[in-house]
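Descriptive structure summary
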Amino acid sequence: MTKAPSSGPGRPKSPQKREAILKAAQQMFLERGFDGTSMDRIATLAGVSKPTVYNHFVDKERLFHAAVEQRCREQLPDDLFAPLPGASLEHDLREIGLRFQALMESPDAIALHRMMLADPRNAERLGPIFWNAGPAHVIAGVEAYLRAAVARGELDIGDVHEAAAQFLTLLKGDSVARMTCGKGFSQRSGAAQVDSVVRMFLRAYRK
């Protein structure tokens, strides 16, 4: 996986200003797209100076990466992929599935997908940045959880990375395509879909 771009050098950085910049960037990217968003506008919305934005993030690409990554980690924090003592595989995978599905059906995620699809140049320029900031992080988290379950002897998986990707793909189902087309979320409830995916996944891989 490509290493995330680092933020810029300079004077000590304020966590509060960084948070304000990220929130402003998330709003601007979704409202105006990548090309329609400027560092000047982000600085104004965040209530900071333009040099402060560059002090935290060297350029707009790094800021886009950080904005996507933060949104993803808010919904799917690292500790979500750590097995809870005494919890079953069904419980853990269901929690991961519900949180992942909630992220996929959020207005922000749908707007971001539409932004990426609106202009082919977005996918070319921003695709790798988006992948490393969002999907790659989630796949790595699920992979770590599954690898630990394999080590405990609870699952029998030959290719853990592929299994993690399969799990997340099954969870998405047709929901993202439906919402991107403005058709609303899946006709079945999100919880019912997650339960179905977890059952199918464990039938395939439970030892």
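So, here's what we can say about the structure. (Residues numbered from 1 in each chain as written. Predicted model: local features only at pLDDT ≥ 70, side-chain atom pairs only at ≥ 80, totals over all residues. Heavy atoms only, no water.)

Details of the pattern of salt bridges
Scanning the model with the defined rule gives 12 salt bridges in all. Across the salt bridge formed by Arg 62 and Asp 59, the nearest N and O atoms sit 2.6 Å from each other. You can call Arg 62 partly exposed: its relative accessible area is 28%. Overall, Asp 59 belongs to the partly exposed group, its relative accessible area being 21%. Through salt bridges that share partners, Glu 19, Lys 23 and Glu 74 make up one connected network. (Salt bridge = Lys/Arg side-chain N within 4 Å of Asp/Glu carboxyl O. Buried < 20%, exposed > 50% of the residue type's maximum accessible area, 1.4 Å probe, protein only.)

Overview of the packing of aromatic side chains
Going through the model one piece at a time under the given rule, you end up with 5 aromatic pairs. A ring pair is formed by Phe 201 and Tyr 205, whose centres lie 5.0 Å apart and whose planes are at 55°; its orientation type is tilted. You can see Phe 201 and its partner Tyr 205 sitting in helix H11 (residues 190–205), 4 residues apart, about one turn around the helix. Considered together, Phe 201 and Tyr 205 belong to a single accessibility category, that of buried residues. What links up through ring pairs into an aromatic cluster is the set Phe 29, Phe 34 and Phe 64. The cationic tip of Lys 60 hangs over the ring face of Phe 34; the distance from NZ or CZ to the ring centre is 4.4 Å. (Phe/Tyr/Trp six-rings, centres within 6.5 Å; stacked < 30°, edge-to-face > 60°. Helix = DSSP H or I, 4+ residues; strand = E, 2+ residues; numbered from the N terminus. Lys NZ or Arg CZ within 6 Å of the ring centre and 35° of its normal.)

Describing the packing of helix H9 (residues 160–172) against H11
At a closest axis distance of 9 Å, the pairing of H9 and H11 adopts a crossing angle of 150°. The orientation of H9 with respect to H11, classified from their angle, is roughly antiparallel. Of the two elements, H9 crosses H11, and the hand of that crossing is right-handed. Along its contact with H9, which presents Ala 163, Gln 166, Phe 167, Leu 170, Leu 171 and Lys 172, the element H11 presents Gln 193, Val 194, Val 197, Val 198, Met 200, Phe 201 and Tyr 205. In terms of residue class, the contact of H9 with H11 is built from 10 nonpolar, 2 polar and 1 charged. (Axes fitted to C-alpha atoms, helices over the stretch in contact; angles between N-to-C directions. Parallel < 35°, antiparallel > 145°, perpendicular 65-115°, else oblique. Left-handed = near helix turned anticlockwise from the far one by under 90°. Contact = heavy atoms within 4.5 Å. Nonpolar A, V, L, I, M, F, W, Y, C, P; charged D, E, K, R; others polar.)

Details of the environment of Leu 103
Looking at where Leu 103 falls in the secondary structure, it is placed in helix H5 (residues 89–104). Distance from Leu 103 to Cys 72, taken between C-alpha atoms, is 7.5 Å for residues 31 residues apart in sequence. In this view, Leu 103 contacts Arg 71, Cys 72, Gln 75, Leu 76 and Ala 109; residues no more than four positions away in its chain are not counted.

Describing the packing of helix H4 (residues 60–75) against helix H7 (residues 120–133)
Running from amino to carboxyl end, H4 crosses H7 at an angle of 35°, the nearest separation of the two axes being 8 Å. Of the two possible hands of crossing, H4 and H7 adopt the one that is right-handed. Of H7, the residues touching H4 (which contributes Glu 61, Phe 64, His 65, Val 68, Glu 69 and Cys 72) are Leu 126, Ile 129, Phe 130, Asn 132 and Ala 133.

Comments concerning helix H1 (residues 15–32)
Under the 1.5 Å per step criterion, the end-to-end length of H1 is 25 Å for 18 residues, consistent within 8% with the ideal 26 Å. Along H1, the positions that sit buried rather than exposed are Ile 21, Leu 22, Ala 24, Ala 25, Gln 26, Met 28 and Phe 29. Along its buried surface, H1 packs onto helix H2 (39–46), helix H3 (50–56), H4 and helix H6 (107–118). Of the residues one or two after H1, Gly 33 is the one with positive phi, at around 80°. (Expected span 1.5 Å × (residues − 1).)

Thoughts on the environment of Glu 61
Secondary-structure assignment places Glu 61 in helix H4. For the pair formed by Glu 61 and Arg 125, sequence separation is 64 residues and the distance between their alpha carbons is 9.1 Å. Not counting residues up to four positions away in its chain, the partners in contact with Glu 61 are Phe 34 and Ile 129.

Here's the deal with H2
All of the buried residues in H2 are Met 39, Ile 42, Ala 43 and Ala 46. Burial along H2 is one-sided: seen end-on, the buried residues are contained in an arc of 100°. Tucked into the core, H2 has its buried residues touching H1, H3 and H4. (Arc of directions from axis to C-beta.)

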